[in-house]
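# An overview of the molecular structure
Listed here are the chains, written in short residue letters.
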Amino acid sequence: MATDRAMSITLSQPEARRLALASQGFGPRPEKPTIGHVRKLAARLYAFQIDSVNVLVRAHYVPAFARLGPYPMDALDTLVHRKRELFEYWGHAACLLPLSLYPLLRYRMHTEQAQEYMRSKRGADTAKAYAEVAERGPIAAAELSNPGKRSGKWWGWAEGKERLEYLYGSGLLAIAGRRGFQRLYDIADRVISRAALDAPVPPREEAMKQLILLGAKAHGIGTFGDITGYFEVDGWRDRMPTAPWWEWKRPKGPEGRRAKPIVKRLVSELVEEGRLVAARVDGWSEPAYVLPRVRVPRSVHARALVTPFDSLVWERSRMHRLFGMKYTIELYTPQPKRVYGYYVFPFLLGDTLVARCDLKADRQRKVLMVQSAFLEPGQDARRVAPELAAELRQMQAWLGLDRIEVSDRGDLAARLRRTLR
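Residues numbered from 1 in each chain as written. Predicted model: local features only at pLDDT ≥ 70, side-chain atom pairs only at ≥ 80, totals over all residues. Heavy atoms only, no water.

Assigned secondary structure in the protein consists of 16 helices and 15 strands. A compact globule built from 421 residues would reach a C-alpha radius of gyration of about 22 Å, and the protein, at 23 Å, matches this within 12%. Over its C-alpha atoms, taken along the principal directions, the protein stretches across nearly 70 × 60 × 40 Å. The proportion of buried residues among the 421 residues of the protein is 56%. Per element, the accessible surface of the protein, about 19,600 Å² overall, is 51% carbon and sulfur. Separation of charge centres in the protein, based on 69 positive and 47 negative side chains, amounts to 2 Å. (Helix = DSSP H or I, 4+ residues; strand = E, 2+ residues; numbered from the N terminus. Rg over C-alpha atoms; globule rule 2.2 N^0.38 Å. Buried < 20%, exposed > 50% of the residue type's maximum accessible area, 1.4 Å probe, protein only. Areas by Shrake-Rupley, 256 points an atom, 1.4 Å probe, with all protein chains shown as cover. Lys, Arg positive; Asp, Glu negative; His and termini not counted. Charge placed at Lys NZ, Arg CZ, Asp CG, Glu CD.)

Here it is in structure tokens:
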């Protein structure tokens with residue numbers, strides 16, 4: 001790692017990889033992972049993305065397994081729903097976030113505007129929905145006394161669901177739990193701690209800057225898009241009108257228009273203030289950024305199956321820049337056109353992504369199905385297969401499955417199947 005007079009840091013590709021992996025919590029695993037390890041990991045990553053795909057296990061449970069090994073899965077539920085140390089809100093996407101981030105995200109909530117809307121004639125139905133949650137919560141949207149009709153807009157939600165989602169986004173409601181994957185809404189005062197609700201709220205631009213810095217810290221090193229995209233700072237959600245989306249065509253004035261982007265200025269100011277340092281990575285066409293006094297580890301020894309919703313691989317172009325892996329999630333690709341499979345996990349070994357496999361849990365038969373296994377170019381199957389087999393065995397045990405089945409698909413499949421035997 002080299003530094004010039006202009007305080008610009010230059011990293012090699014291997015250094016950038018090691019810094020990224022260490023910043024994301026990859027490395028030696030604890031002998032017996034506990035809820036304390038999950039708590040520390042949440043404080044390090046800042047976000048576990050939630051997704052509805054349940055072909056293996058819900059996405060938000062996997063990042064902790066990838067870094068800690070077979071931790072007690074109910075530890076995450078305990079931190080979210082019983083201890084209330086994590087809360088659900090919009091981070092990179094729908095995420096579980098440490099409560100310490102709550103004040104930084106208040107600028108995204110537009111709470112006062114939502115309260116004002118509910119006092120208006122047009123907001124009467126939304127006010128009724130809020131009052132019902134206050135009286136009956138926590139409840140699902142379908143349990144409202146007047147759930148309304150499906151609008152054909154915004155994911156095809158019913159009107160009652162739209163109102164609850166608006167109130168949730170505004171910070172007046174919070175997610176108290178889930179029934180299956182269905183959100184249960186309650187008023188924020190009963191879900192978010194009083195200390196978090198009363199904590200000082202930074203001005204909007206300062207909060208955005210702090211989130212950018214947390215994104216840079218979690219990534220270790222990243223381009224402008226990487227560090228601002230970690231929490232989608234100044235993304236579409238930050239810039240959308242403050243009025244409810246079903247009213248967007250109606251309002252006149254600033255509240256009815258998308259805000260102009262400001263994040264380029266914010267990143268420039270962070271560099272000028274010395275809170276962010278410009279950097280270069282060999283082979284990257286874009287400039288990058290790191291936090292001051294960043295240290296690159298000499299080595300990283302990791303082994304992990306990484307869900308496509310893991311914060312390490314949120315940005316697919318970043319995967320290619322760091323690891324040379326071209327990855328496209330094929331969930332929505334028609335089956336005949338899929339190259340690697342439906343729900344494909346990159347496999348991390350040492351400090352790079354060496355393979356990928358399509359995984360599924362057949363819960364009725366209690367089988368972990370490896371529906372494809374592909375080696376990355378330049379990797380040695382004799383080295384990769386035993387390590388991948390060992391990681392699959394750990395995942396099988398963690399998920400409470402009895403055995404592993406490997407299909408014939410992929411150039412690593414036959415060797416992996418022989419290894420598992």
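All right, on to the pattern of salt bridges then. Using the criterion set out here, one finds 31 salt bridges in the structure. Measuring nitrogen to oxygen at the nearest pair gives 3.1 Å for the salt bridge that ties Arg318 to Asp226. Highlighted residues: Arg318 in helix H14 (residues 316-323) and Asp226 in helix H11 (residues 224-229), separated in sequence by 92 residues. Take Arg318: its relative accessible area is 1%, and that puts it in the buried class. (Salt bridge = Lys/Arg side-chain N within 4 Å of Asp/Glu carboxyl O.)

Only one face of strand S9 (residues 277-281) is covered, namely the face carrying Val277, Ala279 and Val281; the face carrying Ala278 and Arg280 is uncovered. Examined bridge by bridge, strand S2 (residues 9-11) and S9 share three bridges and lie parallel to one another. When the sheet's bridge partners are listed, Ile9 is paired in S9 with Ala279. Summarising the sheet, S9 and strand S10 (residues 288-290) pair through three bridges and their orientation is antiparallel. Looking at the pairing, Ala278 lines up with Tyr289 of S10. Taking the residues between adjacent antiparallel strands as the criterion, S9 and S10 are bridged by six residues, where Gly283 takes a positive phi near 90 degrees. (Pairing = 2+ DSSP bridges.)

A separate point is the packing of helix H15 (residues 381-398) against helix H16 (residues 413-420). At a minimum axis separation of 9 Å, H15 and H16 run at an interaxial angle of 55 degrees. Accordingly, the angle class assigned to the pair H15 and H16 is oblique. Relative to H16, the crossing made by H15 is right-handed. Contact with H15, carried on its side by Ala381, Arg382, Ala385, Pro386, Leu388, Ala389, Leu392 and Arg393, involves Arg415, Leu416, Thr419 and Leu420 of H16 and no other residues of that element. Each residue belonging to the contact of H15 with H16 can be placed in one class, and the counts come to eight nonpolar, one polar and three charged. (Axes fitted to C-alpha atoms, helices over the stretch in contact; angles between N-to-C directions. Parallel < 35°, antiparallel > 145°, perpendicular 65-115°, else oblique. Left-handed = near helix turned anticlockwise from the far one by under 90°. Contact = heavy atoms within 4.5 Å. Nonpolar A, V, L, I, M, F, W, Y, C, P; charged D, E, K, R; others polar.)

Quick look at the pairing of strand S12 (residues 344-350) now. Regular strands show a simple pattern: their side chains alternate between the two faces of the sheet. Taken across its seven residues, S12 has seven buried, putting it largely inside the fold. Where strand S11 (residues 302-305) lies against S12, four bridges are found, and the strand directions are antiparallel. From the neighbouring strand, Arg303 faces S12, where its bridge partner is Leu349. Bridge count between S12 and strand S13 (residues 352-362): six bridges; the pairing is antiparallel. By the bridge assignment, Val344 is partnered in S13 with Asp358. Hairpin connection from S12 to S13: one residue lie between these consecutive antiparallel strands.

Turning our attention to the packing of aromatic side chains. The geometry of an aromatic ring pair comes down to the distance between the two centres and the angle between the two planes. Enumeration according to the criterion identifies 17 aromatic pairs in this entry. Aromatic pair Phe87 and Tyr102: ring centres 5.2 Å apart, planes at 70 degrees, arrangement edge-to-face. Of this pair, Phe87 sits in strand S4 (residues 86-90) while Tyr102 is found in helix H5 (residues 102-105), placing the two residues 15 residues apart along the sequence. Neither Phe87 nor Tyr102 differs from the other in exposure class; each is buried. With 6.4 Å between their ring centres and 55 degrees between their planes, Trp157 and Trp245 make a pair best called tilted. With Trp157 in the loop between helix H7 (124-136) and helix H8 (159-169) and Trp245 in the loop between helix H12 (236-239) and helix H13 (263-272), this pair connects stretches of sequence that are 88 residues apart. Take Trp157 and Trp245: they sit in the same class, and that class is buried. Feature note: the residues Tyr117, Trp157, Tyr166, Trp245 and Trp246 constitute an aromatic cluster, connected by ring pairs. (Phe/Tyr/Trp six-rings, centres within 6.5 Å; stacked < 30°, edge-to-face > 60°.)

Quick look at the sheet that holds strand S3 (residues 48-49) now. Taken together, three strands build an open sheet; the order of strands is S3-S5-S4 and the sheet is antiparallel. Looking at the sheet topology across the chains shown, the edges are occupied by S3 and S4. Of the strand pairs in this sheet, S4 and strand S5 (residues 94-98) are connected by five bridges, and their pairing is antiparallel. Directly across from Tyr89, in S5, lies its bridge partner Cys95. Across the face of the sheet, helix H4 (residues 74-82) comes into contact with S3, S4 and S5 while running at roughly 80 degrees to S4.

Turning to the sheet that holds S11, a few remarks are in order. Sheet architecture is open: five strands sit in the order S11-S12-S13-S14-S15, paired in mixed fashion. Lying at the two open borders of the sheet, with one neighbouring strand each, are S11 and strand S15 (403-406). Within the sheet, the average angular offset between the axes of one strand and its neighbour, ignoring direction, is 30 degrees. Strand direction decides the pairing type here: S13 and strand S14 (residues 367-375), joined by eight bridges, are antiparallel.

Note that all results are geometric; they support no functional claim without further evidence.
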